[in-house]
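# Coordinates in review
Listed below, chain by chain, are the residues.
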Amino acid sequence: MILEVICGPMFSGKTEELIRRITRAKYAKQLVLSFKPNMDNRYSSDEIASHSGARENCFPVVDATDITDIIIQNKKSFPDLIAIEEIQFFDQDEFRNLISFLQTQNTKAIVAGLDMDFAGLPFENVTFAMGVANRVDKLSAVCVKCASDATMSYKKTESSQRMEIGKTDIYEARCYRCWS
Ligand code: ADP
Ligand code: MG
Ligand code: ZN
């Protein structure tokens with residue numbers, strides 16, 4: 001397996017970049033299988049969808065084990081590229097099992113996710129993926145307060161729920177100074 005990680009805060013263009021790499025692979029006539037956790041139903045239930053409107057069909061899955069199952073079911077036409085969106089939402093043990101499985105396969109995997117939660121604590125699956133990856137890209141958004149590079153996801157509501165799904169209604173991109 002070759003593993004690439006795309007990470008950064010909310011609105012940093014992770015999904016756009018994932019879709020760009022999927023599109024590029026398809027131009028190269030590669031077989032691509034794309035996945036996302038089904039709890040991310042913000043813009044679509046069966047597409048990877050960016051804040052700016054880009055979309056790509058995918059399998060919505062409940063957990064990371066489903067991804068292994070779907071890949072094995074497709075064994076006759078094994079994918080050249082496996083694209084996985086929002087990896088921070090998967091159970092940690094199941095995500096590690098998925099990576100272990102992929103490591104035994106002759107394929108490329110590109111995973112996208114938040115590097116940190118709104119409290120600035122790293123998301124474990126992304127940290128793990130970064131550790132074993134061949135390539136890591138950390139993207140930044142634009143701080144809504146001062147327009148410098150934003151590395152943090154600021155939560156606008158009182159809720160302290162770590163995995164809360166939202167868009168600009170709940171989150172905004174901020175630089176560290178404006179976030180803290
Ligand atoms: P991510 O997956 O990282 O949350 P997306 O790829 O879905 O990001 O969306 C990125 C797009 O979000 C940008 O191209 C831009 O159109 C839009 N956007 C909205 N707010 C911001 C912001 N504060 N900084 C940068 N881009 C933003
Ligand atoms: Mg995204
Ligand atoms: Zn700022």
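We now turn to the structure provided with this report. (Residues numbered from 1 in each chain as written. Chains lettered and ligands numbered in written order. Predicted model: local features only at pLDDT ≥ 70, side-chain atom pairs only at ≥ 80, totals over all residues. Heavy atoms only, no water.)

Moving on, we get to the site of ligand 1. Residues in contact with ligand 1 amount to 15 residues; listed here are only the nearest, Lys14, Thr15, Glu16, His51 and Val142. The separation between an oxygen atom of ligand 1 and a polar main-chain atom of Gly13 is 3.0 Å. Take Val142: an N or O atom from its main chain is 2.9 Å from a nitrogen atom of ligand 1. When isolated, ligand 1 has an accessible area of 580 Å², and the protein chains bury 75% of it. Within the residue set of the shell around ligand 1, elements represented by two or more residues are helix H1 (14-27) and strand E9 (141-142). A per-element tally of the shell around ligand 1 places H1 first, with 3 residues. Broken down by class, the residue content of the shell around ligand 1 amounts to 7 nonpolar, 6 polar and 2 charged. (Near = heavy atom within 4 Å. Polar contact = N/O pair within 3.5 Å; in protein donor to acceptor, adjacent residues only side chain to side chain. Areas by Shrake-Rupley, 256 points an atom, 1.4 Å probe, with all protein chains shown as cover. Helix = DSSP H or I, 4+ residues; strand = E, 2+ residues; numbered from the N terminus. Nonpolar A, V, L, I, M, F, W, Y, C, P; charged D, E, K, R; others polar.)

On to the pattern of salt bridges, then. Oppositely charged side chains can pair when the atoms bearing their charge come close. Counting across every chain of the model gives 15 salt bridges. With a shortest N-O distance of 2.9 Å, Arg20 and Glu17 are connected by a salt bridge. One end of the pair is Arg20 and the other is Glu17, both in helix H1 and 3 residues apart, which spans about a single turn. One salt bridge in this structure joins Lys155 and Glu164, with 2.9 Å as the shortest N-O distance. For Lys155, a relative accessible area of 7% puts it in the buried group. Residues joined in a network through salt bridges with shared partners are Glu4, Glu17, Arg20, Arg21, Lys108, Arg135 and Asp137. (Salt bridge = Lys/Arg side-chain N within 4 Å of Asp/Glu carboxyl O. Buried < 20%, exposed > 50% of the residue type's maximum accessible area, 1.4 Å probe, protein only.)

Even without being a glycine, Phe11 presents a positive backbone phi close to 70°. With respect to the helices, strands and loops of the structure, Phe11 is situated in the loop between strand E1 (2-8) and H1. Classification of Phe11 as partly exposed rests on a relative accessible area of 25%. Phi at Glu86 is positive, roughly 55°, even though this residue is not glycine. Looking at the secondary structure, you find Glu86 in the loop between strand E6 (81-84) and helix H3 (92-103). Glu86 gets classed as buried once you look at its relative accessible area, which sits at 7%.

Moving on, we get to the sheet that holds E1. The 6 strands are arranged E5-E2-E6-E7-E1-E8 in an open sheet whose pairing can be described as parallel. Where the open sheet ends on each side, the last strands, each with one partner, are strand E5 (59-61) and strand E8 (135-138). On average, each strand axis in the sheet is inclined to that of its neighbour by 20°, with strand direction left out of account. Where E1 meets E8, 4 bridges bridge the pair, whose relative direction is parallel. Considered in E8, the bridge of Ile6 is made with Asp137. Relative to the sheet, H1 contacts E1, strand E2 (32-37), E6, strand E7 (108-114) and E8, its axis offset from that of E1 by approximately 150°. (Pairing = 2+ DSSP bridges. Axes fitted to C-alpha atoms, helices over the stretch in contact; angles between N-to-C directions. Contact = heavy atoms within 4.5 Å.)

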